[in-house]
Amino acid sequence: MKKHILVIDDEESIREMLRQILTAKGYRVSAVATGLEAHRAAQADPPQLITVDLQMEDTDGLELIRQLKSVVPGVPVILLTGVLFDPQVVRQMVGNQISSYLQKTTSLKQIIQEIQRLLGEPGAAKTP
Amino acid sequence: MKDSLEKRVIFLFLVMLAVLVVVAMVAIGNIRESIASSDWVNHSHAKLLEVEGIVSSLHAGEAALRSYLLTSDARDLAACREQCAQMTEHLQVAQALARGEAGQQQPTVQLESLLAKRLEFISQVVKTQQQNGLEAARKLLAADAGGAALREIQRAAGKLKEEEMELLRKRDQASYVQAQTTRWTVLTGVISNFLLLAFVAWLIRDDLAARRRSAAALRTANEQLETKVQERTTQWVVANDALQLENLERQWANQALEHQLRYSQLIIHAIGDLILVLSKTQNILRLNHAVERQTGWESQDLVGNSLSLILAVSSQAPHSPPARDPVGSALNAGHELQEWPATLLHKSGRSTRVTFNLFPLRDGDKVVGGVISVRPPPVPSSPPASGESI
């Protein structure tokens, strides 16, 4: 059974690229553009992992993460954003809400390794 | 190779057919000759029978004659005449049979002559007996040369028989030879054909074995080729996947850079202060939307032109020594300028007194330009109505 990943980003090019790479790696991918669609998708088909953008049209990523945690508690969440935060600041801001923070300048290979690590799959990168 | 084998097989089958035809023709010929020989044998036997018949009829006729002479019984005479007639008949048949044989004519004619004389003698005896009585007939009979004529007839008949037997023997031998020839011809033909057939079978078997080997070699080559093709296909698939991943990585990197650039632009244009980026020679490189909004200048009017087009910098600021070119000096020295007075020149020709800050742009340890920020001039408020306090 393929693992289900929910991708949340308001940019279509980002959603499409993540869908391509994650599908090629054997995952089942649902990609949505808004927080509302994310809620519906998470309730209808609970994912094993979620990637969230920070700045979206109808909400911000941090708020969305808090809301999704009540729908699918225990699911690892990756904050994937183009905004350059100091990782130390990120940890302070979100506490235990997110499992990982990645910038969009990170390579796809590293993103995949991080996803594999959070899902406990072989071939994953070591804990950063 | 296939054509050569086909030709050889066809040729050998044609040879077998030719052998069969030859054997058949020889057999048919020999059978015909056998039939002819058999006819001749029958002919010879028939002739022998007729000659035997002549002799026995003659003897019976002589006996009946003597009986008649003794008894004068008409039945004996009739019997004698009957035997003579039979003898004549046998002779005629023998003559007819001898007609086809060149060498047998003479003996038959001789026999005929002897028999004719004898018949004449018998007739004479009968006539004498009838006319002159028994004594005269007996005298006539006694005058007959003691059966010499009979012996002569028998000799002639015997000679005929011997000759006929000789012919029979020759024909029998010829028939035997023909039968042997036929037997050997058929046997040879059958053996030859069997040998040819065996040779053809060997050729075909040999060819089949060669074909099987070729097929096996082809199968092996095909399997090897398929394996190589699969390996190569796998390599291509892997290479293609790697290429697609690389392409996707490149697209991702590009979009990350674009996103950063776009986000930086958004931030700069969201700032309310007028932002101008200068080169070290004080030419304007970039500006934000606030510049356009506040001064009416457009980007293409200012980029690449001197700062002095939009900003007339005062030579002196409060608590600072005068400077001929404060901006140039600050850029060269790598210093900042804080709250320096200047005049903002609008496109419409209007001017506004402002202050600006200058921040050197550093790339490593080198100053490559500067950033000027100008607080927008306050919007003039409407004069208070009379009686209202400010």
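Residues numbered from 1 in each chain as written. Chains lettered and ligands numbered in written order. Predicted model: local features only at pLDDT ≥ 70, side-chain atom pairs only at ≥ 80, totals over all residues. Heavy atoms only, no water.

**Student:** Can you walk me through the overall build of chain B in this structure?
**Tutor:** Regarding its fold elements, chain B presents 8 helices and 6 strands. The linear arrangement of helices and strands in chain B, starting from the amino end, is α-α-α-α-α-β-β-α-α-β-α-β-β-β. Expressed as a percentage of the 390 residues in chain B, the buried residues total 32%. Residue pairs at least 24 apart in sequence account for 59% of intrachain contacts in chain B once pairs closer than 6 positions are excluded. Surface exposure of chain B reaches about 24,500 Å², of which carbon and sulfur atoms provide 59%. (Helix = DSSP H or I, 4+ residues; strand = E, 2+ residues; numbered from the N terminus. Buried < 20%, exposed > 50% of the residue type's maximum accessible area, 1.4 Å probe, protein only. Contact = heavy atoms within 4.5 Å. Areas by Shrake-Rupley, 256 points an atom, 1.4 Å probe, with all protein chains shown as cover.)

**Student:** What am I meant to see in the side chain of B:Q83 here?
**Tutor:** Residue and element names in this part refer to chain B. Note that Q83 resides in helix 2 (residues 74–98). Residue classification places Q83 among the buried residues on the basis of a relative accessible area of 18%. Not counting residues within four places of it along the chain, the set of residues in contact with Q83 comprises S57, A60 and G61.

**Student:** Before we go on, may I ask you to explain helix 3 (residues 105–132) of chain B in this structure?
**Tutor:** The periodicity of an α-helix, 3.6 residues per turn, causes residues three or four positions apart to be oriented the same way. Residues and elements named next belong to chain B. With 28 residues, helix 3 should reach 40 Å at 1.5 Å per residue; the first-to-last C-alpha distance of 39 Å fits that figure. Along helix 3, the residues classified as buried are P107, T108, L111, L114, L115, R118, F121, I122, V125, V126, T128 and Q129. Downstream of helix 3 by one or two residues, G133 has phi in the positive range, about 100°. (Expected span 1.5 Å × (residues − 1).)

**Student:** Is there a simple way to think about the pairing of strand 4 (residues 77–81) of chain A in this case?
**Tutor:** The two faces of the sheet receive side chains in turn, since in a regular strand these alternate between them. All names here are of chain A. Across the 5 residues that make up strand 4, a large majority, 5, are buried. Here strand 4 shows a buried face lined by V77, L79 and T81 and a second buried face lined by I78 and L80. Each parallel crossover has a hand, and the one from strand 3 (residues 49–52) via helix 3 (residues 61–71) to strand 4 is right-handed. With 4 bridges joining them, strand 4 and strand 5 (residues 100–103) adopt parallel strand pairing. Note on strand 5: the bridge partner recorded for L79 is Y101. (Right-handed = clockwise from strand over helix to strand, strands pointing away. Pairing = 2+ DSSP bridges.)

**Student:** How should I be thinking about the interface of chain B and chain A in this particular structure?
**Tutor:** It is common to report an interface's size as the accessible area lost on association of the parts. Tallying the contact residues gives 11 residues for chain B and 18 residues for chain A. Both sides together, the interface formed by chain B and chain A hides about 1,400 Å², and carbon and sulfur atoms give 65% of it. Together, B:L248, B:W252 and B:Q260 form the three largest contributors to the area buried by chain B at its contact with chain A, with a combined 46%. If you look at where chain B meets chain A, you find 1 salt bridge. (Buried area = accessible area lost by both parts, 1.4 Å probe. Salt bridge = Lys/Arg side-chain N within 4 Å of Asp/Glu carboxyl O.)

**Student:** Just to check I follow, could you spell out the side chain of A:T106 for this structure?
**Tutor:** Structurally, A:T106 can be placed in the loop between strand 5 and helix 5 (108–118). Relative accessible area serves as the criterion here: at 15%, A:T106 is assigned to the buried category. What A:T106 contacts, discounting residues up to four positions off in sequence, is A:I111 and B:W252.

**Student:** Hey, could you run me through the nonpolar core in this one?
**Tutor:** Here is a general trend for soluble globular proteins: nonpolar side chains tend to be buried in one another's company. Residue and element names in this part refer to chain B. Counting residues in each nonpolar core, the largest one holds 25 residues, and the members touching the most others are I310, L311, F356 and I372. At 4 residues, the largest contribution of residues to this core is made by strand 4 (residues 337–345). Every residue in contact with F356, bar those within four places of it in the chain, is listed here: L311, V313, V327, L337, Q338, E339, W340, P341, A342, I372, S373 and V374. (Core = buried A, V, L, I, M, F, W, Y, C linked by side-chain atoms within 4.5 Å.)

**Student:** How should I be thinking about the sheet that holds strand 3 (residues 311–313) of chain B in this particular structure?
**Tutor:** Sheet strands pair via backbone hydrogen bonds, and the direction of the pair is either parallel or antiparallel. Residue and element names in this part refer to chain B. Ordered by their spatial adjacency, 6 strands build an open sheet running 2-1-6-5-4-3, and the pairing between neighbours is antiparallel. Single-partner strands in this sheet number two, and they are strand 2 (284–287) and strand 3. The mean angle between the axes of side-by-side strands here comes to 35°, regardless of whether they run parallel or antiparallel. Here 3 bridges tie strand 1 (residues 274–279) to strand 2, and the two strands are oriented antiparallel to one another. The partner of L278 across the bridge, within strand 2, is I284. (Axes fitted to C-alpha atoms, helices over the stretch in contact; angles between N-to-C directions.)

**Student:** Honestly, the sheet that holds strand 2 (residues 28–32) of chain A in this entry has me stumped. Any pointers?
**Tutor:** Residues and elements named next belong to chain A. If you walk across this open sheet you meet the 5 strands as 2-1-3-4-5, and the pairing is parallel. The two strands at the open ends of the sheet, each matched to only one other strand, are strand 2 and strand 5. For this sheet, the mean angle separating the axes of adjacent strands, direction not counted, is 20°.

**Student:** What's the story with the pattern of salt bridges in this structure? I'm lost.
**Tutor:** Close approach of charged atoms lets side chains of opposite charge pair. What the rule picks out here adds up to 18 salt bridges over all chains. Note that A:R66 and A:E63 form a salt bridge whose closest N and O atoms lie 3.2 Å from each other. Taken together, the residues A:R66 and A:E63, both in helix 3 and 3 residues apart, mark about one turn of the helix. The partner of B:D301 in a salt bridge is B:K347, and the shortest N-O contact between them spans 3.1 Å. Here B:K347 lies in the loop between strand 4 and strand 5 (351–363) and B:D301 lies in helix 7 (residues 299–302), a separation of 46 residues in the sequence.

**Student:** In this structure, what is going on with the packing of helix 1 (residues 12–24) of chain A against helix 5 of chain A? I would like to understand it.
**Tutor:** Residues and elements named next belong to chain A. Interhelical geometry of helix 1 versus helix 5 gives an angle of 60° and a closest axis separation of 11 Å. With respect to their mutual orientation, helix 1 and helix 5 come out oblique. Considering the relative orientation of helix 1 and helix 5, their crossing is right-handed. Contact residues: helix 1 offers L18, I21 and L22, while helix 5 offers L108, I112 and I115. (Parallel < 35°, antiparallel > 145°, perpendicular 65-115°, else oblique. Left-handed = near helix turned anticlockwise from the far one by under 90°.)

**Student:** What should I look at first to understand helix 2 of chain B in this one?
**Tutor:** Residues and elements named next belong to chain B. Taking 1.5 Å as the rise per residue, helix 2 with 25 residues should run 36 Å; its terminal C-alpha atoms sit 35 Å apart, in good agreement. Regarding helix 2, the residues found buried are D76, L77, C80, Q83, C84, M87, L91, A94, L97 and A98. If you check the start of helix 2, you find a side-chain oxygen 3.0 Å away from the backbone N of R75, and it comes from D73. (Polar contact = N/O pair within 3.5 Å; in protein donor to acceptor, adjacent residues only side chain to side chain.)

**Student:** What exactly am I supposed to notice about a negative patch on the surface here?
**Tutor:** All names here are of chain A. A cluster of like negative charges, contributed by D10, E37, E57 and D58, occupies part of the molecular surface. Mapped onto the secondary structure, D10 falls in the loop between strand 1 (4–8) and helix 1. On the basis of relative accessible area, D10 is assigned to the partly exposed category, the value being 31%. (Patch = residues over 30% accessible without salt bridge, like charges linked within 9 Å, V, L, I, M, F, W, Y side chains within 5 Å. Lys, Arg positive; Asp, Glu negative; His and termini not counted. Charge placed at Lys NZ, Arg CZ, Asp CG, Glu CD.)

**Student:** Would you take a moment to explain the packing of helix 3 of chain B against helix 4 (residues 134–143) of chain B for this structure?
**Tutor:** Each pair of packed helices can be described by the angle between their axes along with the distance between the axes. Residues and elements named next belong to chain B. Close contact between helix 3 and helix 4 brings their axes to 6 Å; oriented N to C, the two are set at 155°. Relative to helix 4, the element helix 3 is oriented roughly antiparallel. Crossing angle aside, the handedness with which helix 3 passes helix 4 is right-handed. Two secondary-structure elements touch here, helix 3 through F121, Q124, V125, T128, Q129 and N132 and helix 4 through L134, A136, A137, L140 and L141. When its residues are assigned to classes, the contact of helix 3 with helix 4 shows 7 nonpolar, 4 polar and no charged. (Nonpolar A, V, L, I, M, F, W, Y, C, P; charged D, E, K, R; others polar.)

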